[in-house]
2 protein chains.
Amino acid sequence: MRRTIISTMMMPACLFLLVITQAHAQTSPLPSWNDGKAKQSVIDFVKRVTTKGGKEFVPVAERIAVFDNDGTLWAEQPMYFQLAFALDRVKVLASQHPEWQDKEPFASLIKGDVKGVLAGGEKALVEIIMATHAGTTTEEFDNIVRDWLASAKHPKTGRPYNEMIYQPMVELLRYLRANGFKTYIVSGGGVEFMRPWVEKAYGIPPEQVVGSTIKTKFDMRDGKPVILRLAEIDFIDDKEGKPVAINKFIGRRPIFAFGNSDGDHEMLLWTAAGRGPRFMGIVHHTDAEREWAYDRKSSVGRLDKTLDEATAKRWTVVDMKKDWKRVFAFDK
Amino acid sequence: MRRTIISTMMMPACLFLLVITQAHAQTSPLPSWNDGKAKQSVIDFVKRVTTKGGKEFVPVAERIAVFDNDGTLWAEQPMYFQLAFALDRVKVLASQHPEWQDKEPFASLIKGDVKGVLAGGEKALVEIIMATHAGTTTEEFDNIVRDWLASAKHPKTGRPYNEMIYQPMVELLRYLRANGFKTYIVSGGGVEFMRPWVEKAYGIPPEQVVGSTIKTKFDMRDGKPVILRLAEIDFIDDKEGKPVAINKFIGRRPIFAFGNSDGDHEMLLWTAAGRGPRFMGIVHHTDAEREWAYDRKSSVGRLDKTLDEATAKRWTVVDMKKDWKRVFAFDK
């Protein structure tokens, strides 16, 4: 009993020191961001919702922040990285599928003709995704993704794909979490393609990854339960699918959302329409030198109506070239 | 800088005091449990996985615990409480549906003939669920559930349904969380039927509720985004659906699982088949006086093959009558 009394008496001192440490750590958040409107809008928002007694204070439990992945947390050029994975995977699997030599879209792909593959449109892509993402257990697929990341290199930088993550966004995620936010990915990418690596890359655990899914099935194999990945789309987490998935998986409306393309439009609208303080942000790809410059006319990550909306509604638009000191951690 | 040094120097003292406080709080966990094998098995397991340097230590991030809801965290007799909600809802909606007077299963239900309704089997139930759970926005449905809980009373105890929660299980959830576990509900019940009340009842936030879902759709209504609940089943989170949903929503295999019926069999198997220490528990309804006594032959919450399996594999079987000092918080 005496010990409890002592510890209770000491508690205010401990809390006081913790507060000081935290305050100190917060004097220089977001080191890879240049000073400017974008950085300041983030810091101001966090201050408003975390100031106890302030009229815009938001309890910790409600500090939900959602981030698109492709083009928002990591790069997406010259093609979505998950597509690069699928194309590499077709090559690996080709020896087990002699029929692919004469069958599109596989025949073009095996010859290295990516343009021929993409000419097949969405149907071709779905066929490739199903052939490369299904037919394994969930554990096997997890290992396949890890192995690919350990060997594949990005065609422009020569870096592993999981190093093509935006250092300023990694800092933003960390800064939000240090201020009591729960950070989620809400991506059109496959959940099980992301989960093996996002925890290390972004500090986001598997249970905070929302994405597209294929159907799966519980089965017993040699007396051991497994989950099999089936060649059937379950849910596409893009556009109007994003608020639907946020509602289904998280069950709370975010107060903070970041995207980079028209695929994030509905997620941003859904976030904006809640009560109380809101933050909506867009990563605008403006840096042809350190990354890529693209927006309204890009086939990957098109940012058109959402850029107009962001401007009209004064959402935060990050000008990558101007606002970021560094893009990738491996930049000088 | 000086402040940081001071706080760093003081940190070990703070941590030491926190440890003492925690150790003290842990001397009497689970006050509503009688001493015995069931209680001891929980305490032993938690000690094994939280002992630093121990060979069975599990990092905090992997301490995932999943709980069935109906019959495991709250009662489920004389019928699933969500069904009671649906039946009450039919009565409320009947005035807007004159055609229900002559249409089964609604006609029986409006007359108060629940047996007649149940005679219609699963088809009748699905019709009732769709008529009562769809056709609103998610926000409207949230309010409907809250209003029902505020007025409806359990037929046997006269208590609000959200007071029919098992006090020993509430303590178990709290004890696990105090030891770094993340506690989830994985229930056959509807996610959006549970989310409005489980945080207050169990301390489980909306984003840690996995359950059955109907399809939903994003829409704009008077310029405002809404999510509409559609009259179409999306996913039934029962039996082999439970491991599938755990994989999809959580993306980690639990190390701790608690259920009470054959609907939890696959979830328990999936938990048991992981590497390292595992805890599988069953609530066995043996207390006809304070609660209900039922198992192998019950139409609600049947516990048959899972009871055999639990015995054979030495999973923890909680004998409600023997192991629990109190069942509900309102018991003496």
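The model shown is predicted, which means the values in this text are computed figures rather than measured ones.

S.K.: Residue-level account of the packing of helix α3 (residues 81-93) of chain A against helix α7 (residues 138-151) of chain A, with values.
M.R.: Residue and element names in this part refer to chain A. Where α3 contacts α7, the two axes come as close as 11 Å, and the packing angle between them is 100°. Classified by the interaxial angle, the pair formed by α3 and α7 is roughly perpendicular. Only Phe141, Ile144, Val145 and Trp148 of α7 make contact with α3, whose side of the interface consists of Phe81, Ala84, Phe85, Asp88 and Arg89. Class assignment for the residues of the contact of α3 with α7 results in 7 nonpolar, no polar and 2 charged.

S.K.: Before we move on, can you summarise the sheet that holds strand β5 (residues 256-259) of chain A with the specific residues and values?
M.R.: Residue and element names in this part refer to chain A. Read across the sheet, 7 strands follow the order β4-β3-β2-β1-β5-β6-β7 without closing on themselves; strand pairing throughout is mixed. Each edge of the open sheet is held by one strand with a lone partner, namely β4 (224-235) and β7 (316-319). Direction aside, the axes of adjacent strands within the sheet are offset by 30° on average. Strand direction decides the pairing type here: strand β2 (residues 182-190) and strand β3 (residues 209-221), joined by 3 bridges, are parallel. In the strand pairing of β3, isoleucine 185 is matched with valine 209.

S.K.: I'd like a description of the nonpolar core, backed by residues and values.
M.R.: Residues Phe67, Met169, Leu172, Trp197, Tyr202 and Phe256 of chain A are the most contacted members of the largest nonpolar core, which totals 67 residues. Here this core gets 8 residues from one element, more than from any other, and that element is α3 of chain A. Among all residues touching phenylalanine 256 of chain A, those that are not within four sequence positions of it are Phe45, Ile64, Ala65, Val66, Phe67, Leu172, Leu176, Phe181, Thr271 and Phe279 of chain A. Grouped together as the second largest cluster of nonpolar side chains are 54 residues, Ala84, Phe85, Val145 and Trp148 of chain B included.

S.K.: Give a detailed account of the sheet that holds strand β4 (residues 224-235) of chain B, specifying residues and quantitative values.
M.R.: All names here are of chain B. Strands sit in the order β4-β3-β2-β1-β5-β6-β7 across an open sheet of 7 strands; the sheet is mixed. Only two strands of the sheet have a single partner each, and these edge strands are β4 and β7 (316-319). Ignoring strand direction, the axes of neighbouring strands in this sheet form an average angle of 30°. Sheet topology note: the strand β3 (residues 209-221)/β4 ladder contains 8 bridges and is antiparallel. The residue bridging phenylalanine 218 from the neighbouring strand is isoleucine 227, located in β4. Where helix α8 (residues 167-178) meets the sheet, it contacts β1 (64-67), β2 (182-190), β5 (256-259) and β6 (279-284), and its direction lies at approximately 165° from that of β1.

S.K.: Kindly report on the pattern of salt bridges, identifying the contributing residues and their values.
M.R.: The full count for this structure, using the stated rule, is 40 salt bridges over all chains. Across the salt bridge formed by arginine 48 of chain B and glutamate 56 of chain B, the nearest N and O atoms sit 2.5 Å from each other. Look at arginine 48 of chain B and you get partly exposed, because its relative accessible area is 35%. Between arginine 229 of chain B and glutamate 192 of chain B there is a salt bridge; the shortest N-O distance is 2.9 Å. Highlighted residues: arginine 229 of chain B in strand β4 and glutamate 192 of chain B in helix α9 (residues 191-202), separated in sequence by 37 residues. Its relative accessible area of 17% is what places glutamate 192 of chain B among the buried residues. Here the salt bridges do not stand alone but share partners, grouping Lys182 and Arg252 of chain A together with Glu199 and Glu207 of chain B into one network.

S.K.: Residues and numbers for unusual backbone geometry, please.
M.R.: Note that the residue after glutamate 104 of chain A, namely proline 105 of chain A, is joined by a cis bond; omega there is 5°. Its location among the elements puts proline 105 of chain A in the loop between α3 and α4 (106-110). Of note, the bond from glutamine 77 of chain B into proline 78 of chain B is cis; its omega dihedral lies within 30 degrees of zero at 0°. One can find proline 78 of chain B in the loop between β1 and α3 (81-93). Even without a glycine there, the phi angle at leucine 30 of chain A is positive, about 55°. Locating leucine 30 of chain A in the fold gives a position in the loop between α1 (2-25) and α2 (37-50). With phi around 60°, arginine 314 of chain A is a residue other than glycine that occupies positive phi space. Here arginine 314 of chain A lies in the loop between α12 (305-312) and β7. Among the residues examined, arginine 314 of chain A registers a relative accessible area of 77% and is labelled exposed.

S.K.: Outline the side chain of histidine 285 of chain A, supporting the account with residue identities and numerical values.
M.R.: Residue and element names in this part refer to chain A. Mapped onto the elements, histidine 285 comes out in the loop between β6 (279-284) and α12. Among the residues examined, histidine 285 registers a relative accessible area of 3% and is labelled buried. Side chain to side chain, histidine 285 and asparagine 260 meet in a polar contact 3.4 Å long. Ignoring sequence-local partners within four residues, the contact set of histidine 285 consists of Gly71, Glu76, Tyr166, Asn260, Glu291, Trp292, Ala293, Tyr294 and Met320.

Quick notes on the rules
Residues numbered from 1 in each chain as written. Chains lettered and ligands numbered in written order. Predicted model: local features only at pLDDT ≥ 70, side-chain atom pairs only at ≥ 80, totals over all residues. Heavy atoms only, no water. Axes fitted to C-alpha atoms, helices over the stretch in contact; angles between N-to-C directions. Helix = DSSP H or I, 4+ residues; strand = E, 2+ residues; numbered from the N terminus. Parallel < 35°, antiparallel > 145°, perpendicular 65-115°, else oblique. Contact = heavy atoms within 4.5 Å. Nonpolar A, V, L, I, M, F, W, Y, C, P; charged D, E, K, R; others polar. Pairing = 2+ DSSP bridges. Core = buried A, V, L, I, M, F, W, Y, C linked by side-chain atoms within 4.5 Å. Buried < 20%, exposed > 50% of the residue type's maximum accessible area, 1.4 Å probe, protein only. Salt bridge = Lys/Arg side-chain N within 4 Å of Asp/Glu carboxyl O. Polar contact = N/O pair within 3.5 Å; in protein donor to acceptor, adjacent residues only side chain to side chain.

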